[in-house]
Amino acid sequence: MGPETAKPQRKLRADSIRNRELLLEAATEVFSAGGPQASLEAVARQAGVGIGTLYRHFPTREALFEAVYRHEVDHLADLAEQLAHDDGPTEALRSWLHANVRLVATKKGMIEALQPVAHGSSELKAYSFDRLTKAIGLLLDRAIAADEIRVDISAEDLLRTLIGIFYSQGAGEWQPTALRLVDVFVDGLHKR
């Protein structure tokens, strides 16, 4: 027998790509409102597709949770790319950090639903840490190059600080406190 040949990947049809995006958007909404107990049927209904379509794209609840998590991480990475072209490097960094706080605040139920998936998969943790570290690094490096921010902070330090702010917040209205802490931290990074 000869070596196994890899099966060529089929190009996805436009309607399949559209359905996948609809499912990710619907899942984000449904998980935000209903947390980990949100039903997959509700996701399919919100997306306007049948449950079979959902399972063709995401064969398990965990696969859907992971796809939504990756989608959110990618959204934040894309936002960093956009902000890197704005005036004011330090303000771009602050805006990106604020966007993270708002994401967590508005999608608290979704974040709770995604925690087991994010913490259970070392590959997913590595993917999200890498993407988010590069996103922060892009903005941080730009602020350092503009001589606005101290050079003794790394992107990893900043990401860990942000995660710490998320985890230190109790129940209730924590977003204003988190935004204030981000501002205090960014202000502390300014060169004196």
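The structure this text deals with has already been given above.
Now for a description of the structure that goes with this document. (Residues numbered from 1 in each chain as written. Predicted model: local features only at pLDDT ≥ 70, side-chain atom pairs only at ≥ 80, totals over all residues. Heavy atoms only, no water.)

**Here we look at the overall build of the protein**
Scanning the protein from terminus to terminus reveals nine helices and zero strands. The proportion of buried residues among the 192 residues of the protein is 42%. Within the protein, contacts between residues separated by at least 24 positions form 71% of all contacts whose residues are at least 6 apart in sequence. (Helix = DSSP H or I, 4+ residues; strand = E, 2+ residues; numbered from the N terminus. Buried < 20%, exposed > 50% of the residue type's maximum accessible area, 1.4 Å probe, protein only. Contact = heavy atoms within 4.5 Å.)

**Remarks on the environment of alanine 38**
Tracing the backbone shows alanine 38 in the loop between α1 (14-34) and α2 (40-47). Expressed as a C-alpha distance, the spacing of alanine 38 and alanine 27, which sit 11 residues apart in the sequence, is 8.9 Å. With near-sequence residues (within four places) excluded, alanine 38 lies in contact with Val30, Phe31 and Arg61.

**Focus: the nonpolar core**
Trp96, Leu97, Val101 and Leu139 are the most contacted members of the largest nonpolar core, which totals 37 residues. Of all the secondary structure elements, the ones that give two or more residues to this core are α4 (61-83), α5 (89-106), α7 (122-145), α8 (155-168) and α9 (175-189). With sequence-adjacent residues up to four places away left out, valine 101 is seen in contact with Leu162, Phe166, Trp174, Gln175, Ala178, Leu179 and Val182. (Core = buried A, V, L, I, M, F, W, Y, C linked by side-chain atoms within 4.5 Å.)

**Here's the deal with the packing of α1 against α4**
Two numbers describe how α1 lies on α4: the axes approach to 10 Å, and their chain directions differ by 90 degrees. Of the possible angle classes, the one that applies to α1 and α4 is roughly perpendicular. The segment α1 lies against α4, with Arg20, Glu21, Leu24, Ala27, Thr28 and Phe31 engaging Leu64, Phe65, Ala67, Val68, His71 and Glu72. Considering only residue class, the contact of α1 with α4 consists of seven nonpolar, two polar and three charged. (Axes fitted to C-alpha atoms, helices over the stretch in contact; angles between N-to-C directions. Parallel < 35°, antiparallel > 145°, perpendicular 65-115°, else oblique. Nonpolar A, V, L, I, M, F, W, Y, C, P; charged D, E, K, R; others polar.)

**Looking at α1**
When the terminal C-alpha atoms of α1 are compared, their 30 Å separation across 21 residues agrees well with the 30 Å that a helix rising 1.5 Å per residue should span. Turning to α1, its buried residues are Ser16, Asn19, Leu23, Leu24, Ala26, Ala27, Thr28, Val30, Phe31 and Ser32. (Expected span 1.5 Å × (residues − 1).)

**Digging into the packing of aromatic side chains**
As enumerated under the stated definition, the model contains one aromatic pair in all. Judged by centre distance (4.5 Å) and plane angle (80 degrees), the rings of phenylalanine 31 and phenylalanine 65 are edge-to-face. Highlighted residues: phenylalanine 31 in helix α1 and phenylalanine 65 in helix α4, separated in sequence by 34 residues. Judged by relative accessible area, phenylalanine 31 falls into the buried class, the value being 0%. By relative accessible area, phenylalanine 65 is classed as buried at 5%. The ring of tyrosine 127 is capped by arginine 70, whose NZ or CZ atom sits 4.4 Å from the centre of that ring. (Phe/Tyr/Trp six-rings, centres within 6.5 Å; stacked < 30°, edge-to-face > 60°. Lys NZ or Arg CZ within 6 Å of the ring centre and 35° of its normal.)

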